[in-house]
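Summary of structural features
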Amino acid sequence: MIERNRIAIVGFVATAITFGPGRMAYGMFLPQLKEEFAFSAGTAGAIAGLGFAAFLLALFVTGSLTPRFGPRLPLLIGGGFAVAGFALTALAPGMAVLSLGVACASASAGFAWTPFNSMTQQAVPEQYRRRVLSIVSTGTTFGIIAAGVLAMGIAAGGLSWRIAWAAFAAIAPIAVILPMLLLSKQDGFEHGRRVDIRKEFSRLRRREAVPLYGLALSFGATNGTYLSYWIEHISQSGGLPGVPSELIGPVLFIAFGLAGCLGLFTGDVVERRGLRMVLLVLFSGSAASLLLLGFLPGSWAGTLASAALQGICVMCLSAIYSFWSQRLFPDIPAESFTAVLMLYAAGSVIAPPVAGQLGSALGLGPTLALFGAVSIGSLLLVRRVQEAP
């Protein structure tokens, strides 16, 4: 099998499992989890924050493992964390095990994505790299769609949320088996390379990378806030007409995932329209998404448009951050992408608690609108983006 196809297939499946249910299923099933374990909105936010922190820690560990042992090892670890996280959550007897399961599932995403930057840089011809990385990142959206459909069926049938997590645990071993079957230990591994982690990351300090870092941090903050509070804000505002509260999450997650399928074409669109123009559209879309959610939480049209715009932004920006970091740092592709995702994760950890405090004082609607203004302000960084030569 051609190497680029092997890498694209494994990457698509890995992100579908670890970034689909691994990162998103907690929010999708939050109403059922709150009902069964009787925890408050504050506790729900703390569990989500623990998941983001586990993701951040996994990214840091991956940044150390990949250059030393090659990219396949972090992938296998990520698959193992996915299996453990889903199983622990499905069997959780109480809050402690539930929190551990959510953290392990989130950590799996931190292990199972950035190694593909090394593999594409080493094994994929330059003309195919953007397309392969777009396919890898967009695996997330298909994982979200599948999880949303499963969640909808379970909620509509009055079944336990545990069935869904057990199904995720049954599927997750694919994320371990596939890399073992299709990837060798040598894929994307530079033999004989001596690694000084502090020196490697010190090489990331370049003026041309400032817009990349700033936009990653910005979108981490706005997207983390969006995913932490969108279902809660809609529910607090009276829900959506004609839909039981337990179906709101699955319906909107499916809309989020379906729109995110456009991320498959990110590399081709950037090639034709330029990076700066695409970023301008995406961060304007991010602002619109937050404003629609903030001011129209009871409107089907407003919430669906908001979810779709957010899904497009997540998937397209995921692909862009991947190949943009690779272009700026071709000799350290995994380390550079890890650094970008660490900034994204840091924004996701820091912003939701701040938004929670603002929400208590101002209300969630105005708070979400304020974070929409953050996306608008980020357009100033877009002006500093340098196009590929």
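Let us look at the structure shown here. (Residues numbered from 1 in each chain as written. Predicted model: local features only at pLDDT ≥ 70, side-chain atom pairs only at ≥ 80, totals over all residues. Heavy atoms only, no water.)

Attention now moves to the overall build of the protein chain. On a plain count of helices and strands, the protein chain comes out with 19 helices and zero strands. The C-alpha radius of gyration of the protein chain comes to 20 Å, within 12% of the 21 Å expected for a compact globule of 389 residues. Relative to its 389 residues, the protein chain shows a buried fraction of 56%. Restricting to contacts in the protein chain with at least 6 residues of sequence separation, those with at least 24 account for 85%. When the accessible surface of the protein chain is totalled, it reaches about 15,100 Å², and 66% of it is carbon and sulfur. (Helix = DSSP H or I, 4+ residues; strand = E, 2+ residues; numbered from the N terminus. Rg over C-alpha atoms; globule rule 2.2 N^0.38 Å. Buried < 20%, exposed > 50% of the residue type's maximum accessible area, 1.4 Å probe, protein only. Contact = heavy atoms within 4.5 Å. Areas by Shrake-Rupley, 256 points an atom, 1.4 Å probe, with all protein chains shown as cover.)

With that settled, the discussion passes to the side chain of Asn 117. Note on placement: Asn 117 falls in helix α7 (residues 115-123). Looking at Asn 117, its side chain comes within polar contact range of the side chain of Ser 322, at 2.6 Å. Leave out the neighbours within four places in its chain, and Asn 117 touches Leu 133, Ser 322, Ser 325, Gln 326, Pro 333, Ala 334 and Phe 337. (Polar contact = N/O pair within 3.5 Å; in protein donor to acceptor, adjacent residues only side chain to side chain.)

What follows is about the layout of surface pockets. Computed from the structure, the largest pocket encloses a volume of approximately 860 Å³. If you go around the largest pocket, you meet 38 residues; those closest to its centre are Leu 30, Ala 44, Gly 45, Ser 228 and Tyr 229. Every element with two or more residues in the lining of the largest pocket is listed here: α2 (21-28), α3 (30-37), α4 (41-69), α6 (95-111), α12 (210-236), α13 (245-260) and α17 (333-362). For the lining of the largest pocket, the per-class residue count stands at 18 nonpolar, 17 polar and three charged. (1 Å grid on protein atoms, 1.4 Å probe; cavity = no way out; pocket = protein on both sides within 12 Å on 5 of 7 lines; lining within 4 Å. Points joined across faces, edges and corners; volume = space filled by probe spheres on them. Nonpolar A, V, L, I, M, F, W, Y, C, P; charged D, E, K, R; others polar.)

Looking now at empty space enclosed by the protein. Overall, the coordinates contain two cavities of 30 Å³ or more when judged by the stated rule. Approximately 180 Å³ is the volume attributed to the largest cavity. Around the largest cavity, the lining is made up of 16 residues, and of these Phe 19, Trp 113, Val 314, Ser 318 and Tyr 344 lie nearest the centre. Elements supplying a minimum of two residues to the lining of the largest cavity: α2, α8 (126-156), α12, α16 (300-328) and α17. It is α16 that contributes the most residues to the lining of the largest cavity, five residues altogether. Class assignment of the residues belonging to the lining of the largest cavity gives a composition of eleven nonpolar, four polar and one charged.

With 106 residues, the main nonpolar core has Phe 29, Trp 230, Leu 279, Tyr 321 and Trp 324 as its most contacted residues. Counting residues in each nonpolar core, the second largest holds six residues, with Ala 54, Ala 58, Leu 65 and Ala 103 among its members. (Core = buried A, V, L, I, M, F, W, Y, C linked by side-chain atoms within 4.5 Å.)

The next point concerns unusual backbone geometry. Most of the time, phi is negative for any residue but glycine, and the peptide bond is trans. Phi is positive for Ala 38, close to 55°, though the residue is something other than glycine. What makes Ala 38 exposed here is its relative accessible area of 67%.

Position of Gln 310 among the secondary structure elements: in helix α16. Classification of Gln 310 as buried rests on a relative accessible area of 0%. If near-sequence neighbours (up to four positions away) are discounted, Gln 310 is found in contact with Phe 219, Asn 223, Tyr 226, Phe 256, Ser 286 and Ser 289.

With 21 residues, helix α15 (residues 275-295) should cover 30 Å at 1.5 Å per step; its first-to-last C-alpha distance of 30 Å lies within 8% of that length. When we look at burial in α15, the residues that qualify are Leu 275, Val 278, Leu 279, Leu 282, Phe 283, Gly 285, Ser 286, Ala 287, Ser 289, Leu 290, Leu 293 and Gly 294. Packed against the buried residues of α15 are α12, α14 (266-273), α16, α18 (364-377) and α19 (379-382). (Expected span 1.5 Å × (residues − 1).)

Take α17 next. In this model, α17 (30 residues) spans 42 Å end to end at C-alpha, consistent with the 44 Å of a helix rising 1.5 Å per residue. Taken as a whole, α17 carries its principal kink of about 25° at Ala 351; the proline Pro 352 stands between one and four residues after it. (Bend = angle between axes of the 7 residues up to and from the residue.)

The next thing to look at is the environment of Leu 317. Among the secondary structure elements, Leu 317 is positioned in helix α16. The exposure class assigned to Leu 317 is buried, which follows from its relative accessible area of 1%. Those residues within four positions of Leu 317 in sequence are excluded, and the remaining contacts are Phe 219, Leu 279, Leu 282, Phe 283 and Ile 312.

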